[in-house]
Amino acid sequence: MKKLHTLCAVFCGLLPLWLLLVWLARSSPDLVEAWYARSFYPAWAGTFLTVTSLLPFSLAEVLILAAILLGLLWLGFFLRGMLRGKGRRLRILGDYLILAGGACSFVLLLFLLGGGFNYYRYSFTQMSGLSPRASEVEQLALLCEELVAEASALRETLPEDEAGVSLLTGTTRETAVTARESYRLLMDREPRWEGYFTLSTRCLPKKVFFSEAMSYMEIVGVFTPYTVEANVNFHTTDFDIPFAACHELAHISGFMREDEANFLAYTACRASEDPFFRYSGAATALIHTGNALYSKDPERYLQVMENAGEGLRRDFAASSAYYRAHHTSFGEFSTKVNDTYLKVNSQPQGVATYGRMVDLLLADYRERHGLL
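Every residue gets a number counted from 1 within its own chain, in the order that chain's sequence is written. Where totals are concerned, whole chains, interfaces and linings use all residues; where local detail is concerned, this predicted model gives features only for residues with pLDDT of at least 70, and gives and counts side-chain atom pairs only at 80 or more. Only hydrogens and water are set aside when side-chain values are computed; all heavy atoms of the structure are taken into account.

**Q** Tell me what's going on with the overall build of the protein, and back it up with residues and numbers.
**A** Helix and strand assignments come from DSSP, with helices taken as H or I runs of at least 4 residues and strands as E runs of at least 2, each series counted from the N terminus. When its secondary structure is counted, the protein shows 15 helices and three strands. Here the protein has a C-alpha radius of gyration of 23 Å; the compact-globule value for 372 residues is 21 Å, and the two agree. With the principal axes as the frame, the protein shows a C-alpha extent of 75 × 45 × 40 Å. Exposed residues in this analysis have more than 50% of their type's maximum accessible area, buried residues have under 20%, and partly exposed residues fall in between, with area computed by a 1.4 Å probe over protein chains only. Counting only residues that meet the buried cut, the protein has 46% of its 372 residues in that class. Contacts are assigned to residue pairs with any non-hydrogen atoms lying within 4.5 Å of each other. Counting only contacts in the protein whose residues sit at least 6 apart along the sequence, the fraction spanning at least 24 positions is 76%. We count Lys and Arg on the positive side and Asp and Glu on the negative side, and we leave His and both chain ends out. To locate a charge, take atom NZ for lysine, CZ for arginine, CG for aspartate or CD for glutamate. Computing the positive centroid from 34 side-chain charges and the negative centroid from 39, the protein places the two 14 Å apart. Here the globule rule is a power law, 2.2 Å times the number of residues to the power 0.38, and the radius of gyration is based on C-alpha atoms.

Below, the structure written as structure tokens:
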């Protein structure tokens with residue numbers, strides 16, 4: 001116990017160093033890109049993937065449950081010590097504060113090593129050559145029209161359940177393999193991305209056992225830097241799953257910003273040979289783009305959506321119904337926690353950052369149609 005106490009005291013003392021490194025990373029994207037994102041992180045993540053990729057379950061989920069149990073035990077021992085330790089309560093409180101501070105310092109260090117510094121690397125636009133900029137509503141509407149047509153056409157080819165909602169027929173493993181292969185195809189078809197997603201092609205997204213609990217928290221996927229795993233909610237509506245799997249794999253390869261991971265998930269789905277993946281990417285991109293168009297010109301949005309196929313409409317309605325049924329105050333709290341987490345990690349718009357995906361979609365649209 002004395003050795004543990006000493007170790008925790010050392011980590012408490014090192015906490016200012018980790019915070020200093022975060023401050024330096026924020027102001028030095030060149031160093032983060034060269035020394036961390038392209039050097040240290042691939043080696044660190046690759047080592048973890050060698051182990052965690054062999055496990056058919058989410059190690060992160062197991063560790064979270066273990067951490068909850070240990071936290072409860074820690075609290076129980078602390079309360080018992082405070083109740084029985086008359087005359088020693090200040091010492092007991094100090095000892096437990098050192099243990100808690102050491103644990104927090106260690107957790108922060110593992111987070112930074114396992115992907116946290118990637119928040120401060122070069123922006124996606126610096127690496128991709130795309131040029132996001134303010135766009136006219138007309139161009140936004142044209143992109144929506146393209147996505148409506150693409151998603152509706154793909155939807156007609158997909159199997160349905162008895163309610164007429166699109167049905168993902170592959171097994172969990174087959175879906176995970178397709179997500180992984182989508183990044184391999186993306187690198188093969190777009191030379192600018194050669195080598196960028198090597199880690200994604202070594203990782204299989206994992207189904208979370210408590211997936212429905214994630215739905216109540218309004219979460220469809222989580223990248224866990226402590227185990228370098230892509231964890232996916234497989235209880236949500238089927239058309240959400242392929243996109244979520246590709247989104248988390250983008251994080252695996254070091255793209256931590258949500259708008260970038262969303263766009264990369266769309267491009268990976270678009271590169272896939274599986275029509276359900278292409279549909280998932282187009283439909284999710286349509287949701288983001290449609291929301292942006294509706295906020296600017298509701299009438300034009302309604303005109304564009306008149307061309308949506310009946311199958312696509314049913315899927316959107318089913319998704320809305322699913323999340324209404326799983327909406328709780330805890331989900332709202334979870335969203336606020338996520339919002340704070342994003343703001344702390346250099347995404348000042350918080351959850352609104354997800355909407356910035358539209359700027360990248362528009363830049364991609366202009367590039368594909370020669371509108372630069």
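**Q** Kindly report on the environment of Gln139, identifying the contributing residues and their values.
**A** Along the chain, Gln139 turns up in helix 6 (residues 137-155). By relative accessible area, Gln139 is classed as buried at 18%. Not counting chain neighbours up to four residues away, the residues in contact with Gln139 comprise Leu362, Tyr365, Arg366 and Leu371.

**Q** Can you break down the pattern of salt bridges residue by residue, with the values?
**A** For this analysis, a salt bridge means a side-chain nitrogen from Lys or Arg found within 4 Å of a carboxyl oxygen belonging to Asp or Glu. Inspection of the entire model under this criterion finds 19 salt bridges. Glu138 is the salt-bridge partner of Arg300, the closest N and O atoms lying 2.7 Å from each other. Note that Arg300 is positioned in helix 12 (residues 298-305) and Glu138 in helix 6, a separation of 162 residues in sequence. Judged by relative accessible area, which is 18%, Arg300 ranks as buried. Glu138 gets classed as partly exposed once you look at its relative accessible area, which sits at 37%. A network of salt bridges, in which partner residues are shared, links Glu146, Glu190, Arg192, Arg270, Asp364, Glu367 and Arg368.

**Q** Just give me the short version of the packing of aromatic side chains, but keep the residues and values in it.
**A** When the centres of two rings from Phe, Tyr and Trp lie within 6.5 Å, Trp using its six-membered ring, the rings pair. Their planes under 30 degrees apart give stacked, over 60 give edge-to-face, and anything left gives tilted. With the rule as written, the count across this model stands at 22 aromatic pairs. When the centroid spacing of 5.4 Å and the interplanar angle of 80° are considered together, the rings of Phe11 and Phe106 count as edge-to-face. Linking Phe11 in helix 1 (residues 2-27) with Phe106 in helix 4 (residues 89-113), this pair joins segments that are 95 residues apart in sequence. Residue Phe11 is classed as buried on the basis of its relative accessible area of 16%. What makes Phe106 partly exposed here is its relative accessible area of 38%. Measuring from ring centre to ring centre gives 5.4 Å for Tyr294 and Tyr301, while their planes differ by 80°; the resulting arrangement is edge-to-face.

**Q** Help me get a handle on a nonpolar patch on the surface, residues and values and all.
**A** A cluster of nonpolar side chains, namely Ile64, Leu65, Ile68, Leu69, Leu72, Phe209 and Phe210, defines an oily patch on the protein surface of about 760 Å² accessible area. Among the structural elements, Leu69 can be located in helix 3 (residues 59-84). When its relative accessible area of 55% is taken as the criterion, Leu69 is described as exposed. Each patch is built from residues lacking any salt bridge and having more than 30% relative accessible area; the joining distance is 9 Å for like charges and 5 Å for nonpolar side chains (Val, Leu, Ile, Met, Phe, Trp, Tyr). All accessible areas in this document rest on Shrake-Rupley with a 1.4 Å probe, and a residue is counted as covered only by the protein chains that are shown.

**Q** I'd like a rundown of the pairing of strand 2 (residues 221-224), residues and numbers included.
**A** In this scheme, strands are said to pair when DSSP sees at least two bridges between them. Summarising the sheet, strand 2 and strand 3 (residues 229-232) pair through four bridges and their orientation is antiparallel. Along strand 3, the bridge assignment pairs Thr224 with Glu229. Adjacent in sequence and paired antiparallel, strand 2 and strand 3 are bridged by four residues, among which Val228 carries a positive phi angle near 55°.

**Q** Tell me about the sheet that holds strand 3, and please be specific about residues and values.
**A** Consider a sheet: its strands pair through backbone hydrogen bonds, and that pairing is either parallel or antiparallel. Reading across the sheet, the three strands line up as 1-3-2 and stay open at both edges, with mixed pairing between neighbours. Each having just a single partner strand, strand 1 (206-207) and strand 2 make up the two edges of the open sheet. To obtain each axis, a line is fitted to C-alpha atoms, and for helices this fit is confined to the stretch in contact; angles are then taken between N-to-C directions over 0 to 180 degrees. Its contacts with the sheet place helix 9 (residues 241-252) against strand 2 and strand 3, and it is angled at close to 160° to strand 3.

**Q** Describe the packing of helix 6 against helix 13 (residues 310-325), naming the residues involved and giving the relevant values.
**A** Put simply, helix 6 and helix 13 touch, their axes get as near as 8 Å, and they point 95° apart. Between helix 6 and helix 13, the angle is such that the two are roughly perpendicular. Judged by residue contacts, Ala151, Ser152 and Arg155 of helix 6 engage Gly311, Leu312, Arg314 and Asp315 from helix 13. Amino acids are sorted into nonpolar (Ala, Val, Leu, Ile, Met, Phe, Trp, Tyr, Cys and Pro), charged (Asp, Glu, Lys and Arg) and polar (every other residue, Gly among them). Residues belonging to the contact of helix 6 with helix 13 are distributed by class as follows: two nonpolar, two polar and three charged. The scheme is simple: roughly parallel for angles under 35 degrees, roughly antiparallel for over 145, roughly perpendicular for 65 to 115, oblique for anything else.

**Q** Which residues make up the packing of helix 11 (residues 275-296) against helix 13, and what values do they have?
**A** It is the contact of helix 11 with helix 13, at a shortest axis distance of 12 Å, that shows an interaxial angle of 70°. With respect to helix 13, the element helix 11 is oriented roughly perpendicular. Considering the relative orientation of helix 11 and helix 13, their crossing is right-handed. For the pair helix 11 and helix 13, the contacting residues are Tyr279, Ala283, Leu286 and Ile287 in the first and Leu312, Asp315 and Phe316 in the second. A class-by-class count of the residues in the contact of helix 11 with helix 13 yields six nonpolar, no polar and one charged. Whether a crossing is left-handed or right-handed is set by the direction in which the near helix is turned from the far one by less than a right angle, anticlockwise for left-handed and clockwise for right-handed.

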